[in-house]
Amino acid sequence: MNPFYETAARPHRKDEDGFTRQEVALANRNHGIALEALRYDITPVGLHYLLTHFDIPAMDTSSFSLSVGGEVENDVSLSLEDIRALPAKTQTVTMECAGNGRAHLYPRHPSMPWLNEAVGTAEWTGTPLRNVLDMAGVKDSAVDIVFLGADRGFDRGHEHVFGRSLAPDHAANDDVLLVYDMNGAPLLPQHGAPLRLIVPGWYGMASVKWLTRIEAVDKPYEGFQQVDGYQYKQGPDDQGVPVQTIRVKSLMTPPGIPDWFTRQRMAEAGEIIIEGRAWSGGGVPVKKVELGINGVWHEADLLPGAQTYAWSKWRFAWNAEPGEFTLACRASDVDGQVQPDAPRWDNSGVGNNGIQQVQVTVR
Ligand SMILES: Nc1nc2c(c(=O)[nH]1)N[C@H]1C(S)=C(S)[C@@H](COP(=O)(O)O)O[C@H]1N2
Ligand SMILES: [Mo]
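What you see is a predicted model, and the numbers here were worked out from it, not measured in a lab.

1. Some points on the overall build of the protein
Summing up its helical and strand segments, the protein has five helices and 22 strands in all. For 363 residues, the compact-globule estimate of 2.2 N^0.38 gives 21 Å, and the C-alpha radius of gyration of the protein, at 21 Å, lies within 12% of that figure. Based on the C-alpha atoms only, the size of the protein along its principal axes is roughly 70 × 50 × 35 Å. Evaluated residue by residue, the protein yields a buried proportion of 51% over its 363 residues. Pairs at least 24 residues apart make up 73% of the contacts formed inside the protein by residues separated by at least 6 positions. Summing over all exposed atoms, the protein offers an accessible surface of approximately 16,800 Å²; the carbon and sulfur share of this is 49%.

2. Observations concerning empty space enclosed by the protein
A full pass over the atoms with the stated rule returns one cavity of 30 Å³ or more. Of the voids in this model, the largest cavity is the one considered here, and its volume is about 230 Å³. Its residues placed into classes, the lining of the largest cavity shows 11 nonpolar, six polar and three charged.

3. A word on the nonpolar core
Counting 47 residues, the largest nonpolar core has Leu66, Leu129, Phe147, Leu178, Leu195 and Ile214 as its most contacted members. By residue number, the principal contributor to this core is helix α3 (residues 129–136), which donates four residues. Among the domains, domain 1 (5–242) and domain 2 (249–362) are the pair contributing at least three residues each to this core. Ranked by size, the runner-up nonpolar core spans 22 residues in total, among them Val289, Ala320, Cys329 and Ala331.

4. Some details on the sheet that holds strand β2 (residues 76–78)
Paired through their backbone hydrogen bonds, the strands of a sheet run either parallel or antiparallel. Spatially, β2-β1-β10-β5-β6 is the arrangement adopted by the five strands of the open sheet, whose pairing is mixed. Among the strands making up the open sheet, the edge pair consists of β2 and β6 (158–166). Adjacent strand axes in the sheet meet at a mean angle of 25 degrees when their direction is disregarded. Note that strand β1 (residues 66–70) and strand β10 (residues 211–217) share four bridges and pair parallel. Bridge assignment links Gly69 to a residue of β10, and that residue is Glu215.

5. Some thoughts on the domain arrangement of the protein
Assigned domains of the protein: these are domain 1 (5–242) and domain 2 (249–362). One C-alpha centre belongs to domain 1, the other to domain 2; they are set 27 Å apart. If you look at the interface, domain 1 gives 38 residues, while domain 2 gives 25 residues. Contact between domain 1 and domain 2 buries roughly 2,800 Å² in total, counting both sides, with carbon and sulfur atoms accounting for 54%. Taken together, the connections running from domain 1 to domain 2 amount to two salt bridges. Residue Asp41 is joined to Arg277 by a salt bridge in which the shortest nitrogen-to-oxygen separation is 3.0 Å. At the surface where domain 1 touches domain 2, the tally comes to 20 residue pairs in polar contact (both at pLDDT 80 or more). Counting residues per element, the ones that place at least two in the side of domain 1 that touches domain 2 are β3 (89–96), β4 (119–128) and β11 (231–232).

6. A look at the sheet that holds strand β21 (residues 323–333)
With mixed pairing, the six strands of this open sheet are ordered in space as β14-β15-β22-β21-β17-β18. In this open sheet, the two edge strands, each paired with only one partner strand, are β14 (257–258) and β18 (296–299).

7. Remarks on the pattern of salt bridges
Enumeration according to the criterion identifies 18 salt bridges in this entry. Its salt-bridge partner being Arg108, residue Asp15 comes within 3.6 Å of it at the nearest N-O pair. Of this pair, Asp15 sits in the segment before α1 (21–29) while Arg108 is found in the loop between β3 and β4, placing the two residues 93 residues apart along the sequence. By relative accessible area, which is 26% here, Asp15 ends up partly exposed. Note on Arg108: relative accessible area 3%, which makes it buried.

What counts, and at which threshold
Residues numbered from 1 in each chain as written. Chains lettered and ligands numbered in written order. Predicted model: local features only at pLDDT ≥ 70, side-chain atom pairs only at ≥ 80, totals over all residues. Heavy atoms only, no water. Helix = DSSP H or I, 4+ residues; strand = E, 2+ residues; numbered from the N terminus. Rg over C-alpha atoms; globule rule 2.2 N^0.38 Å. Buried < 20%, exposed > 50% of the residue type's maximum accessible area, 1.4 Å probe, protein only. Contact = heavy atoms within 4.5 Å. Areas by Shrake-Rupley, 256 points an atom, 1.4 Å probe, with all protein chains shown as cover. 1 Å grid on protein atoms, 1.4 Å probe; cavity = no way out; pocket = protein on both sides within 12 Å on 5 of 7 lines; lining within 4 Å. Points joined across faces, edges and corners; volume = space filled by probe spheres on them. Nonpolar A, V, L, I, M, F, W, Y, C, P; charged D, E, K, R; others polar. Core = buried A, V, L, I, M, F, W, Y, C linked by side-chain atoms within 4.5 Å. Domains from an automatic or database assignment. Pairing = 2+ DSSP bridges. Axes fitted to C-alpha atoms, helices over the stretch in contact; angles between N-to-C directions. Buried area = accessible area lost by both parts, 1.4 Å probe. Salt bridge = Lys/Arg side-chain N within 4 Å of Asp/Glu carboxyl O. Polar contact = N/O pair within 3.5 Å; in protein donor to acceptor, adjacent residues only side chain to side chain.

Have a look at this one:
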């Protein structure tokens, strides 16, 4: 018996600010970064955004094992100790949820109602996935490498474990990691302890948490989170284009001090330093960030030194006079991609890299 088929249809919502009880429940479980925490190059773990579809599974590190099978020469089973004994690699990676910005769309897809804050940067330590795939010996017959988590639930009537796949070539890339430490300490339960995948440059859904099983398969993987979820679609019946690398984006730390309830800002006239972060996906560097002040764009300083998969810092010195202002920030990357001024439509609200806007009163 499956009582969840009736939840399959989730019509778009037109109540612009009236979020539903279900959306509020999801927002309580899955928090975003506080925008003032953009000040840290590496997001402290407790300030990193979180997105968990089902429940955080109970995992026992001492009895944990990762199994590798399917189209491989040898089935492999590894304890966490075995994995920690493999060559280690640490990588700074900015991760963003594909649904970030969803709540700016109108009408809105009922799901986790992110505004701007589903992003964070961590130092992830693990071993390149390739080391484990080489132990198993992936056969030429493999067309996908599948990653399965220990968490299970329903989505639109379909019961499944959270699973994603990568093409074999991508899985063999040295930058794709099996991760056990975040910011130099063992993963916390909510971030996938004891082992997760990190796929740098891709939206967060690819980085499977609570990873317990890797399977090489000889037919394209058709798991729910691969082919039903995470597809760019204009309408519900579109064929869909898979969501993959992160689109260019920037955020600012709102200046001044906030009003508790509305989050609107009050700042003092004079020089105000506006700071923020900018990033793109697939290892593509950010080229330029602009700050918009009441619709007029000014080029900001982009600070050097960003690592391949991590965000850059940017800064703009604003000589503010008293008045009412709408600030905005807009990044472009070296591939020529630019953030759109208005959110781009997607049926389930994925991939919205529209500009952030902040209202400020200067006194
Ligand atoms: N097993 C499992 N892995 C998962 C998820 C999940 O629900 N279950 N959520 C994915 C999504 S959609 C995102 S955005 C990232 C979030 O990672 P974080 O919670 O560590 O920030 O994990 C991904 N990996
Ligand atoms: Mo996500």
